[in-house]
Amino acid sequence: MDILNAIVALLNYVFIPGLAYGSQLALGALGLTLVFGILRFSNFAHGDTMAFGTMWVILFTWAFQSMGISGGVLPTALLALPFGIAITAAFVLATDRMVYRFYRKKKAASIILVIVSTGVMFITNGLTRIIIGPQEQNFADGGRFLLSAQQFKAATGLTEALVIKSTTAITVVTAAICVALLFWFLNRTRTGKSMRAFSDNEDLALLSGINPERVVMVTWIIASALAVIAGTLYGLDKSFRPFIYFQLLLPIAAAAVVGGLGNPLGAIAGGFVIAFSEVFVTYAWKKVVGYLVDLDLAPTTLLQLLSTDYKFAVSFSILIIVLLFRPTGIFKGK
């Protein structure tokens, strides 16, 4: 019975949180790797684009709630999500036309665009803080649990309880749908094939009659949509604070590099590698080990390698190791 309790504790505190966090990082890394693969630069403003889009989702959620509109058992934020995506995509397209397009026409080096995106990052972050403020915002409503602790204990009789939050289930299902739609779009539609061709060989794609401005526009729209969805899912699962999304850029970038920068499949794999690494290293294993050993051998310490305050150090360490020993990542990106 203690083995079963250990398994339940492992699922509850490691596997399920890692699965949800990995889904959020995978969506964020997909947007980042699309921009890199097609526009040839690392977009440092991606984390704050997530914050900007999530902010609009929150504002529309509050507006719907004030009008008595809700999603029932589902979060109202899902109804507000299309509006947040539309505003964010418009903002990003305007930024591209006013800022990035100039450097693209000059054929500026990638590092120049990275520096420019850093300036866009600070401006976007400032706008978000001005509009919604720097404080924490909780906007999740609807049903809270798919499986509560009381229900699980009553059904199994175990000491340890397995809890599945509705936001966790929504995160995993939404991420799976988004990934499936993205791969269908890239592999089955004419525009998606044009984007892949542009990414593989820009000069040959132009000679084939592909419109580069259309490819750029679609890339920014998809990247914006993925950023807003990832940011909203993260905010629903945890909470929203602009500075947190600024910090999320590190694990998202690490996920993209670990999987293979410019490779969508690698971004997904990298997201889960980074997420589970962070959870494994920062989880206190005392409870799980206590179920597996005799009472006399039960640990007295937390058995925690790193505090959760240092979880981003895990991402940074993995990023450095990959850049040193396998810079192309798992799936041999660029």
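Above this text is the structure in question.
Not measured: the values here are computed from a predicted model.

### Topic: the overall build of the chain
Right, on to step 1. Counting secondary structure elements, the chain contains 13 helices and two strands.
Right, on to step 2. Its C-alpha atoms give the chain a radius of gyration of 21 Å, within 12% of the compact-globule value 20 Å for 334 residues.
Right, on to step 3. Expressed as lengths along the three principal axes of its C-alpha atoms, the size of the chain is roughly 70 × 55 × 40 Å.
Right, on to step 4. Across the 334 residues of the chain, 49% fall into the buried class.
Right, on to step 5. The contacts of the chain with a sequence gap of at least 6 include a subset with a gap of at least 24, amounting to 75%.
Right, on to step 6. Looking at the chain as shown, the accessible area adds up to about 15,900 Å², and 68% of this sits on carbon and sulfur atoms.
Right, on to step 7. Taking the 24 positively charged and 15 negatively charged side chains of the chain as two groups, their mean positions are separated by 12 Å.

### Things to note about the packing of helix α1 (residues 2-39) against helix α11 (residues 264-282)
Right, on to step 1. Where α1 meets α11, the axes come as close as 7 Å, and the angle between the chain directions of the two elements is 145°. The handedness of the crossing between α1 and α11 is right-handed.
Right, on to step 2. Of the residues that constitute the contact of α1 with α11, the class distribution is 18 nonpolar, five polar and one charged.

### What to know about the side chain of S224
Right, on to step 1. Along the chain, S224 turns up in helix α9 (residues 212-237).
Right, on to step 2. Setting aside residues up to four positions removed in sequence, S224 forms contacts with T88, A89 and V92.

### Digging into the packing of aromatic side chains
Right, on to step 1. A full pass over the atoms with the stated rule returns 16 aromatic pairs.
Right, on to step 2. Ring centres of F15 and F276 lie 6.0 Å apart, and the angle between their planes is 35°; on these two criteria the pair is classed as tilted. Of the two residues, F15 sits in helix α1 while F276 sits in helix α11, which places them 261 residues apart along the sequence.
Right, on to step 3. The class for F15 is partly exposed, based on a relative accessible area of 40%.
Right, on to step 4. Aromatic pair F243 and F246: ring centres 5.7 Å apart, planes at 25°, arrangement stacked. A residue pair is termed a helical-turn pair when its members lie 3 or 4 positions apart in one helix, as F243 and F246 do in helix α10 (residues 242-259) at three residues.
Right, on to step 5. Exposure remark for F243: the relative accessible area of 37% places this residue in the partly exposed category.

### Some details on the layout of surface pockets
Right, on to step 1. Reported here for the largest pocket is a volume of approximately 680 Å³.
Right, on to step 2. For the largest pocket, the lining is made up of 26 residues, of which P17, K165, T168, D237 and K238 are closest to its centre.
Right, on to step 3. Listed by contribution, the elements that provide at least two residues to the lining of the largest pocket are α1, α6 (166-188), α9 and α11.
Right, on to step 4. With six residues, α1 is the single largest residue contributor to the lining of the largest pocket.
Right, on to step 5. Among the residues forming the lining of the largest pocket, the class breakdown is 11 nonpolar, eight polar and seven charged.

### A word on the side chain of T61
Right, on to step 1. Looking at where T61 falls in the secondary structure, it is placed in helix α2 (residues 46-66).
Right, on to step 2. Residue T61 is classed as buried on the basis of its relative accessible area, which comes to 0%.

### Let's talk about empty space enclosed by the protein
Right, on to step 1. One pass over the full model with this rule turns up one cavity of 30 Å³ or more.
Right, on to step 2. Empty space within the largest cavity amounts to approximately 100 Å³.
Right, on to step 3. Of all elements in the fold, only α2, α3 (77-105), α4 (110-132) and α9 reach the threshold of two or more residues within the lining of the largest cavity.
Right, on to step 4. Residue contributions to the lining of the largest cavity peak at four residues, all from α3.
Right, on to step 5. Taken together, the residues of the lining of the largest cavity break down into seven nonpolar, six polar and no charged.

What counts, and where the lines are drawn
Starting from 1, residues in each chain are numbered consecutively following that chain's sequence as written. With the structure being a predicted model, the display of local features is reserved for residues of pLDDT at least 70 and the display and counting of side-chain atom pairs for 80 or more, all residues being used for whole-chain, interface and lining totals. Side-chain measures here rest on the full set of heavy atoms in the structure, leaving out hydrogens and waters. Strands are runs of DSSP state E lasting at least 2 residues, helices are runs of H or I lasting at least 4, and numbering of each runs from the N terminus. The globule rule is 2.2 Å times the number of residues to the power 0.38, and the radius of gyration it is compared with is taken over C-alpha atoms. Only protein chains enter the accessibility calculation, which uses a 1.4 Å probe; a residue whose area is less than 20% of its type maximum is buried, one above 50% is exposed, and one in between is partly exposed. Whether two residues are in contact is decided by their heavy atoms, any of which lying within 4.5 Å being enough. To measure how exposed things are, a 1.4 Å probe is used in the Shrake-Rupley method; for residues, cover is taken only from the protein chains shown. Just so you know, the count uses Lys and Arg for positive and Asp and Glu for negative, and it drops His and the chain ends. A charged residue contributes its charge at one atom only: NZ of Lys, CZ of Arg, CG of Asp or CD of Glu. Helix axes are fitted to C-alpha atoms over the stretch in contact, other axes to C-alpha atoms as well, and angles between N-to-C directions run from 0 to 180 degrees. Should the near helix be turned anticlockwise from the far one by less than a right angle, the crossing is termed left-handed; should it be turned clockwise, right-handed. Basically, the charged four are Asp, Glu, Lys and Arg, the nonpolar ten are Ala, Val, Leu, Ile, Met, Phe, Trp, Tyr, Cys and Pro, and anything else, Gly included, counts as polar. Ring pairs are drawn from Phe, Tyr and Trp, using the six-membered ring of Trp, whenever the two centres fall within 6.5 Å, and their geometry is named by plane angle: stacked under 30 degrees, edge-to-face over 60, tilted for the rest. Think of a 1 Å grid over the protein atoms and nothing else: a 1.4 Å probe that fits but is trapped marks a cavity, an open set flanked by protein within 12 Å on at least five of seven lines marks a pocket, and residues with an atom within 4 Å of a point count as lining. Grid points are joined across faces, edges and corners, and a volume is the space filled by probe spheres set on the points.

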